[in-house]
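One-letter residues, chain by chain:
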Amino acid sequence: MKTARGSKRSQLAEELTRAVAGEVRFDRYARQMYSTDASIYKMTPLGVVLPRDADDVSAVIETCQNAGVSVLPRGGGTGLSGQTVNRGVVIDFSKYMHDVLDVNADEGWVYTQPGITIDELNRQVAHTGKYFTPDPSTSSRANIGGAMGNNSCGSHSIIYGKTVDQVQEISVILSDGSRARFEGLTAAQLEGKMALSSLEGQIYRGLPDVAERASGEAERRFPKILRRVGGYNIDRYYMTSPLDNGTIIDLTQVMVGSEGTLAAVTDARLKLWDIPKAKGLAVLHFHTLRDSMEATVATLEHDVSAVEHIGEIIISQARKSLGFARNIGFLQGLPSDILVVEMTGENVSEVRSKLETFRDAIQRSTGTFAVTILLEAADQRQVWAMREAGLGLMMNVEGDSKPLPFVEDTAVAPDRLPEYVERFDEIVKRYGTEAGYYGHASVGCLHIRPLVNLKKTAGIDTMYQIADEISDLVLDFEGSLSGEHGDGIVRGAWAEKMFGEELVNNFREVKDLFDPQGIMNPGKVFDTPDMRENLRYGTDYATVNLPTVLDWSSDGGFAGAIERCNGVGACRKFNSGAMCPSYMATREEEHSTRGRANALRSAISGALSVDEIRSDRMLEVLDLCLECKSCKSECPSNVDMAKIKYEFLNLYYQTHSVPLRSRIVADIHRLNALAPGYLAPLANVVNGSPPAKWAADKFLKIDRRRSLPKIVSRTFEQWFNRRTPRTTGSRGDIVLFHDTFMNFNHPESGEAAVTLLEALGYRVRLAERVCCGRPMVSSGLLDRAVQNAKRNVAALTPYVEAGAKIVGCESSCVLTLKDEYPDLLGGEYAARAVADASVMLEEILIDALDDGGQQIEWNDNAEEILLHVHCHERALIGTSQAIAALNLPPNYHAELIDAGCCGMAGSFGYAKEHYAVSQQVGEDRLFPALRRAGEGTRFAVTGVSCKQQIEDEMDRPAPFLAEVLASAVAGR
């Protein structure tokens, strides 16, 4: 029997479905996925609408106003203050309303829809030599609409100011569903607007009076610093003096920073600035937080474009992070804190000179013990990547006490930072905890996050008490409680303390003019719920214990692994890295790492039925996870959704039958073993025949457009056992892990690996191994994978104990040994030893370079090569050694393809239901890069999945890295 609320929800869903051309989602899963953002809050909405255009937005708001239902305009959902969660209807602009509509380089503006990310906007306007300057650390996934909603800033606000300084015009849908366009108006234009009988006219008639009455209190209460984004920008409604064109008022200034509480933006004209011609960084190292704060003041005496602080917790977590530990070579010694100082110029020489002069001066006047100067763009990107990942890295602190964003956005005058931070730290320590520090030191805006446990009453009380004291401290320093990330709930809760009752009443008047029915994102900025309510993790939060196979001890259990996702949304980026390929292809929240984690957490915590953890609907949520492992390294919080999916599938198959296709994939080694020899040609003919492809498509759902790997007549093992070794083994023994595909399908990769290893002086050995178990792991057949892991560990351990390395050419297989075996076998010592000894061929080649041992002699072959690195290798090892290895021959020139996942992902791309997404993933960046390659360019891969995808699409060979290198060995 439906509840009254359920009936109302169903009726509203039906009305919206009739009213809009976009998508209407009122199911339980969608509501849970949109119930959280990157803040500490959770509010379950009535439903979600993905509008296709402004007409849809108008229809949604009009329908909701008639129904008395609130509306939340939202994009990336990366809000840190609770402003992007609410209980009404969520409008998600990011799937469809993400186009750049017009660009004018001469006049320096771009006309865009709100659902585009900041980085994607800048990628699309880069050809003009200009860019949109607000650059919050979330720019890879934060939407332009969100930047306007929060009045976002970023690392370079010391030069460019805030978003409010960049917005020239905006089109909005008002709270009654009517349209308006806000821009600077002259007195005559204002008079015309006031004459309108519509809601827009009401706003223009009422706002001048409110702004005038509020002016005195605004002057008194608003902090006199750059980074004040709290409340409404009522002080900017009137221009201090008419502009050259006669403009006297500008409603865009009030709209920016209003967090969707006044109207919904459907497009905007934004100012663009010239991209600096050259940039460089100086990384200043300190032993104490106080030293770094005092040095901040000294840096501002120089011509800097950014000064960013990174604190001890972030540095410590970066050293432990799989994705960041290999990219922090800019750190010297063991600093507790660093300052990242940027300077710009007309050319690199000018920037170098400025940085060197700066370094000499700053070393004389501050407590820095080391300075690293970085002029290469790639080196600078590594520093900025760590800074941008600061929030997620801090959240990796073990245990239920996390560095949380409830006082993390305060700002004071930069010259007062040393004293301010000292007193802030005293308050935090008085409550028996500590805080993580990072932020925009140049403008006095630090993101300071005390560690508290919101699953306990004591932790919630501590949060409130610290927030209360910090708000007093901010007032003492004439600062702003909200310096970048908006008010939402955590800072809106202190609105009257910060601004006074009179000014908050003026804010209410503004809200009433725009939104008489109070439907636009209510309870944000002011008149908020108590900051201790609506917590994602409150005292009533609990999770069920589920039987698991894999070792989850390092995550605090299976639930802890899911809870690693804190909502920052780094998995929602585009044209960058590899995470998350399915989201890049579909733009669906459900197909992001965050969406999956939200769904799973809802099930294990009871927000959805616990039975949902084994449901077909949950299988749909996890189905498009390609198990690429990119999230394990690219997610700042190291959410390993691939591992979570393995365990989920194992749980699912406890109550559901395993599909025949999954069983066949899991047994690929045994099936291949049936056909070598004289049966191989026959098997290949049968497998490639139209009837066989039709049958596979019909009964196994293996897409007929895919080519199955051919089985060889002579296996690699047979070739190896009959060959004559070419070395005496001056370097000793090494074990070549001849994976299933090397042995039965691509023995040429193994033959090439042997050539290279013997040329280095290794005596190559083969172990009596079975399949690594990767197909079983990927299919969720973990009990079988455990048995294979035990057999292989037993077979490989004697070699490892004798000091031999285990080397392979197939990323997914080698990294199964390295990454999955310890989890499958409970972290036992032998499994860990095998994992530690397992390496890719390219790692051996680079480690042996100029080490005093036998070296490879290269011939004069010349090649231009494009390399695509398998996702598992990219995530768990990185790409640097593979590309370095391909450039070892003197006449080879190899470049890494700037692309993410290829889309094949093991058996994923073979599945009929996945084919379209598989192709979309490939089309993201990989296929276009390959099509641009000349006919003389060779392709190279480090995984059989990538090989199959590229060869299917391009009809050109894509040999393994080993093969390409072996052709350059002298005497080959």
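Data block above holds the structure.
K.L.:
In this structure, what is going on with the overall build of the protein? I would like to understand it.
P.N.:
If you tally the helices and strands in the protein, you get 42 helices and 26 strands. Taken against the 2.2 N^0.38 rule, which gives 30 Å for 972 residues, the C-alpha radius of gyration of the protein at 30 Å falls within 12% of a compact globule. Principal-axis analysis of the C-alpha atoms gives the protein an extent of 95 × 75 × 55 Å. Going through the 972 residues of the protein one by one, you find that 63% of them count as buried. Taken as a whole, the protein presents about 35,300 Å² of accessible surface, with 48% of it coming from carbon and sulfur. Mean positive and mean negative side-chain charge positions of the protein (104 and 130 charges, respectively) differ by 5 Å.

K.L.:
When you look at the side chain of glutamine 113 in this model, what are you seeing that I'm missing?
P.N.:
Checked against the element boundaries, glutamine 113 lands in the loop between strand S6 (109-112) and helix H4 (118-125). For glutamine 113, a relative accessible area of 12% corresponds to the buried category. The residues touching glutamine 113, leaving out its near neighbours within four places in the chain, are Tyr96, Met97, His98, Asp99, Leu101, Ile144, Thr266 and Asp267.

K.L.:
Would you take a moment to explain the packing of helix H8 (residues 199-221) against helix H18 (residues 501-514) for this structure?
P.N.:
Two measures define how a pair of helices packs: the angle their axes make with one another and the distance between the axes. One can describe the packing of H8 onto H18 by two numbers: an axis separation of 9 Å at closest approach and a directional angle of 170 degrees. For the element pair H8 / H18, the angle class is roughly antiparallel. The interaxial crossing formed by H8 with H18 has left-handed handedness. For the pair formed by H8 and H18, the contact residues are Leu199, Gln202, Ile203, Gly206, Leu207, Val210, Arg213, Ala214, Glu217, Ala218 and Arg221 on the first element and Glu502, Leu503, Asn506, Glu509, Val510, Asp512, Leu513 and Phe514 on the second.

K.L.:
I'm lost on the pattern of salt bridges in this one. Help?
P.N.:
Using the criterion set out here, one finds 72 salt bridges in the structure. The residue aspartate 697 makes a salt bridge to lysine 912 at a minimum N-O spacing of 2.7 Å. Taken together, the residues span a long stretch of sequence, with aspartate 697 in helix H28 (residues 690-700) and lysine 912 in the loop between strand S25 (892-896) and helix H39 (915-924) at a distance of 215 residues. Exposure remark for lysine 912: the relative accessible area of 38% places this residue in the partly exposed category.

K.L.:
Would you mind going over the environment of alanine 218 with me for this structure?
P.N.:
With respect to the secondary-structure elements, alanine 218 resides in helix H8. Overall, alanine 218 belongs to the buried group, its relative accessible area being 4%. Other than its neighbours up to four places away in sequence, alanine 218 contacts Asp235 and Leu503.

K.L.:
Where do I start with the nonpolar core in this structure?
P.N.:
The nonpolar side chains of a soluble globular protein tend to be buried, and buried together. In terms of nonpolar packing, the biggest core is built from 107 residues, with Phe182, Phe406 and Phe514 touching the most fellow members. No other element matches the eight residues that H8 contributes to this core. Setting aside its immediate chain neighbours within four residues, phenylalanine 182 contacts Gln168, Glu169, Ile170, Val172, Leu174, Tyr204, Leu251, Thr252, Met255 and Phe514. Within the second largest apolar cluster, 73 residues are counted, among which are Cys580, Cys631, Val793 and Cys813.

K.L.:
Which parts of the structure should I look at to understand unusual backbone geometry?
P.N.:
Glycine aside, the phi torsion of most residues is negative, and most peptide linkages are trans. In this chain, methionine 579 is followed by cysteine 580 through a cis amide linkage whose omega measures -5 degrees. By the secondary structure assignment, cysteine 580 is in the loop between helix H19 (558-563) and helix H20 (581-586). Positive phi, close to 55 degrees, is recorded for asparagine 575, a residue that is not glycine. Within the element layout of this structure, asparagine 575 appears in the loop between H19 and H20. Here the phi dihedral of lysine 629 falls at roughly 70 degrees; this positive angle occurs in a residue that is not glycine. Within the secondary structure, lysine 629 is located in the loop between helix H22 (616-623) and helix H23 (630-634).

K.L.:
Would you mind going over the sheet that holds strand S23 (residues 838-840) with me for this structure?
P.N.:
Sheet strands line up and pair through hydrogen bonds in the backbone, either parallel or antiparallel. The four strands lie next to each other as S21-S20-S22-S23, forming an open sheet whose pairing is parallel. A strand with exactly one partner marks an edge of an open sheet, and here the two such strands are strand S21 (762-765) and S23. Taking the axes of each pair of neighbouring strands and ignoring which way they run, one obtains an average angle of 40 degrees across the sheet. Strand direction decides the pairing type here: strand S20 (residues 732-736) and S21, joined by four bridges, are parallel. By the bridge assignment, valine 735 is partnered in S21 with arginine 765. Against the sheet, helix H34 (residues 811-824) engages strand S22 (805-808) and S23, with an angle of about 155 degrees to S23.

K.L.:
Explanation requested: the packing of aromatic side chains in the structure shown.
P.N.:
Here a ring pair, both rings aromatic, is described through the centre-centre distance and the interplanar angle of the planes. A complete count under the given rule lists 22 aromatic pairs for this structure. Between the aromatic rings of phenylalanine 574 and tyrosine 583, the centroid separation amounts to 5.4 Å while the plane-to-plane angle is 40 degrees, which identifies the pairing as tilted. Here phenylalanine 716 and phenylalanine 720 contribute two aromatic rings whose centre-to-centre distance is 5.9 Å and whose plane-to-plane angle is 45 degrees, an arrangement assigned as tilted. Here phenylalanine 716 pairs with phenylalanine 720, and both are found in helix H29 (residues 716-722), just four residues apart, close to one helical turn. The residues phenylalanine 716 and phenylalanine 720 share a single accessibility class, namely buried. The ring of tyrosine 29 carries arginine 617 above its face, with NZ or CZ at 4.7 Å from the centroid. Above the face of the phenylalanine 720 ring, arginine 723 is positioned so that its terminal group lies 4.2 Å from the ring centre.

K.L.:
What's the story with the sheet that holds strand S4 (residues 89-92) in this structure? I'm lost.
P.N.:
The strand order across the open sheet built from four strands is S1-S2-S4-S3, with neighbouring strands paired in mixed fashion. In the strand order of this sheet, the two ends are held by strand S1 (23-25) and strand S3 (71-74), each with one partner. Adjacent strand axes in the sheet meet at a mean angle of 20 degrees, parallel and antiparallel pairs treated alike. Bridging between S3 and S4 involves four bridges; their strand directions are parallel. Along S4, the bridge assignment pairs valine 71 with valine 89. Set on the sheet, helix H3 (residues 54-67) makes contact with strand S2 (47-50), S3 and S4; between it and S4 the angle comes to about 170 degrees.

K.L.:
For this particular structure, what's the right way to read the packing of H34 against helix H35 (residues 829-837)?
P.N.:
Where H34 meets H35, the closest approach of the two axes is 8 Å, and the angle between their N-to-C directions is 165 degrees. With respect to each other, H34 and H35 are oriented roughly antiparallel. Two packed elements cross with a definite hand, and for H34 against H35 that hand is left-handed. Within the contact between the two elements, H34 uses Leu817, Lys818, Tyr821 and Pro822 and H35 uses Ala831, Arg832, Val834, Ala835 and Asp836.

K.L.:
When you look at the environment of valine 685 in this model, what are you seeing that I'm missing?
P.N.:
Checked against the element boundaries, valine 685 lands in helix H27 (residues 679-688). Residue classification places valine 685 among the exposed positions, given a relative accessible area of 58%.

K.L.:
Any chance you could explain the state of the cysteines here in plain terms?
P.N.:
A covalent bond between the sulfur atoms of two cysteines is what we call a disulfide. Under the defined criterion, the tally for this structure stands at zero disulfides. Between cysteine 625, a free cysteine, and cysteine 631, which holds the nearest cysteine sulfur, the sulfur-to-sulfur gap is 6.4 Å. The closest cysteine sulfur to the non-disulfide-bonded cysteine 902 is located on cysteine 946, 4.2 Å from its own sulfur. Classification of cysteine 902 by relative accessible area gives buried; the value is 2%.

K.L.:
Is there a simple way to think about the pairing of strand S19 (residues 445-452) in this case?
P.N.:
Each regular strand carries side chains that alternate between the two faces of the sheet. Most of S19 is tucked away, with eight of its eight residues classed as buried. Side-chain alternation along S19 places Cys445, His447, Arg449 and Leu451 on one buried face and Leu446, Ile448, Pro450 and Val452 on a second face that is also buried. One ladder, built from two bridges, connects strand S17 (residues 402-403) with S19; its direction is antiparallel. Within the sheet, the bridge partner assigned to proline 403 lies in S19 and is leucine 451. Where strand S18 (residues 435-440) lies against S19, six bridges are found, and the strand directions are antiparallel. Each bridged residue has a counterpart across the sheet, and for alanine 435 the counterpart in S19 is proline 450.

K.L.:
In this structure, what is going on with the environment of histidine 156? I would like to understand it.
P.N.:
Here histidine 156 shows up in the loop between helix H5 (144-150) and helix H6 (157-160). A sequence separation of 287 residues divides histidine 156 from valine 443, and the C-alpha atoms of the two residues are 9.3 Å apart. Discounting residues that sit within four places of it in the chain, histidine 156 has contacts with Asp135, Ser305, Ala306 and Glu342.

K.L.:
Which parts of the structure should I look at to understand the pairing of strand S9 (residues 179-185)?
P.N.:
By the bridge criterion, five bridges tie strand S8 (residues 167-173) to S9 in an arrangement that is antiparallel. Across the sheet, residue isoleucine 170 finds its bridge partner in S9, namely phenylalanine 182. The antiparallel pairing of S8 with S9 creates a hairpin that spans five residues between the two strands, and glycine 177 there sits at a positive phi of about 90 degrees. For S9 and strand S10 (residues 249-250), the ladder comprises two bridges, and the chain directions are antiparallel.

Procedures and definitions
Residues numbered from 1 in each chain as written. Predicted model: local features only at pLDDT ≥ 70, side-chain atom pairs only at ≥ 80, totals over all residues. Heavy atoms only, no water. Helix = DSSP H or I, 4+ residues; strand = E, 2+ residues; numbered from the N terminus. Rg over C-alpha atoms; globule rule 2.2 N^0.38 Å. Buried < 20%, exposed > 50% of the residue type's maximum accessible area, 1.4 Å probe, protein only. Areas by Shrake-Rupley, 256 points an atom, 1.4 Å probe, with all protein chains shown as cover. Lys, Arg positive; Asp, Glu negative; His and termini not counted. Charge placed at Lys NZ, Arg CZ, Asp CG, Glu CD. Contact = heavy atoms within 4.5 Å. Axes fitted to C-alpha atoms, helices over the stretch in contact; angles between N-to-C directions. Parallel < 35°, antiparallel > 145°, perpendicular 65-115°, else oblique. Left-handed = near helix turned anticlockwise from the far one by under 90°. Salt bridge = Lys/Arg side-chain N within 4 Å of Asp/Glu carboxyl O. Core = buried A, V, L, I, M, F, W, Y, C linked by side-chain atoms within 4.5 Å. Pairing = 2+ DSSP bridges. Phe/Tyr/Trp six-rings, centres within 6.5 Å; stacked < 30°, edge-to-face > 60°. Lys NZ or Arg CZ within 6 Å of the ring centre and 35° of its normal. Disulfide = S-S within 2.5 Å.

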